[in-house]
Amino acid sequence: MKKEYLEAGKIVNTHGIRGEVKIMPYCDSPELLCEFDRLFMGKSLKEIYIQRSRVQKNMIICKIEGVDTPEDAEKLRNQMLYMHRDDLELDEDTYFIQDLIGMTVKNADTGEIYGTIDDVFQTGANDVYSIKNGDKSYLIPAIADVVITTDIDSGIMTIRPLEGLFDED
């Protein structure tokens, strides 16, 4: 099932004397998180509004509405920040990592089930999916030649594995 709120980052420190906070982004790029005017904070998903934000050394310096002093900002340290799924539109064939975790992976031709996705590694050239099946783990490249379909709603990914990918040692 798709999560309505997705982890966007974590407030890790204060910055300056005007109540700004430093955020470690969990997005593909810190610039993406700077595009949001509203986020949700903590387990209660309190809606917060962003007055301004900028990237500094792969971190985000952010001014949250109503947080005007270093003391106010300090109270927010270690708070998780979330974005609402509907606030971000993804390109076709692009998925939230949180939606891929737990998907069942099966062979597009035979229907054989290989396991479930338990992690996604971002390597730069292409993502790599870690598939867990009992005590065995496999890595598959997230490329068009291998991944045939990804159905987030049904939780099933079909693949056509490269030769030798699932062969026993």
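What you are looking at is a predicted structure, and each value in this text was computed from that prediction instead of being measured.

Undergrad: Help me out: how do you make sense of unusual backbone geometry in this one?
TA: If a residue is not glycine, its phi is most likely negative; likewise, a peptide bond is most likely trans. Phi angles above zero are rare outside glycine, and Lys57 is one such case at about 55°. Within the element layout of this structure, Lys57 appears in the loop between strand E4 (46-56) and strand E5 (59-64). Classification of Lys57 by relative accessible area gives exposed; the value is 77%. Positive phi values are uncommon outside glycine, yet Asn78 reaches one of about 70°.

Undergrad: Please clarify how the packing of aromatic side chains should be interpreted in this entry.
TA: Each pair of aromatic rings is reported with the distance of its centres and the angle of its planes. Under the criterion given, the structure shown has one aromatic pair. Ring centres of Tyr5 and Phe40 lie 4.9 Å apart, and the angle between their planes is 70°; on these two criteria the pair is classed as edge-to-face. Pair noted here: Tyr5 is in strand E1 (residues 5-15) and Phe40 is in strand E3 (residues 38-41), with a separation of 35 residues, a long-range link. Assessed through its relative accessible area of 24%, Tyr5 is described here as partly exposed. For Phe40, a relative accessible area of 5% corresponds to the buried category.

Undergrad: Just checking my understanding: could you explain the pairing of strand E11 (residues 147-151) for this structure?
TA: For a regular strand, side chains alternate in direction, first toward one face of the sheet and then toward the other. In this sheet, strand E12 (residues 156-159) lies alongside E11 in antiparallel orientation, the contact comprising four bridges. Residue pairing in the sheet places Thr149 in a bridge with Thr158 of E12. The antiparallel pairing of E11 with E12 creates a hairpin that spans four residues between the two strands, and Gly155 there sits at a positive phi of about 75°.

Undergrad: Help me understand the sheet that holds strand E7 (residues 104-107) in this model?
TA: Hydrogen bonds between backbone groups are what pair the strands of a sheet, and the pairing can be parallel or antiparallel. The six strands lie next to each other as E10-E9-E8-E7-E12-E11, forming an open sheet whose pairing is mixed. This sheet does not close on itself; its edge strands, each paired only once, are strand E10 (136-141) and E11. Taking each pair of neighbouring strands and ignoring which way they run, the sheet shows an average axis angle of 30°. Judged from the four bridges that link them, E7 and E12 form a sheet pairing that is parallel. Its bridge partner being in E12, Thr104 is matched across the sheet by Ile156.

Rules used in this analysis
- Residues numbered from 1 in each chain as written.
- Predicted model: local features only at pLDDT ≥ 70, side-chain atom pairs only at ≥ 80, totals over all residues.
- Heavy atoms only, no water.
- Helix = DSSP H or I, 4+ residues; strand = E, 2+ residues; numbered from the N terminus.
- Buried < 20%, exposed > 50% of the residue type's maximum accessible area, 1.4 Å probe, protein only.
- Phe/Tyr/Trp six-rings, centres within 6.5 Å; stacked < 30°, edge-to-face > 60°.
- Pairing = 2+ DSSP bridges.
- Axes fitted to C-alpha atoms, helices over the stretch in contact; angles between N-to-C directions.

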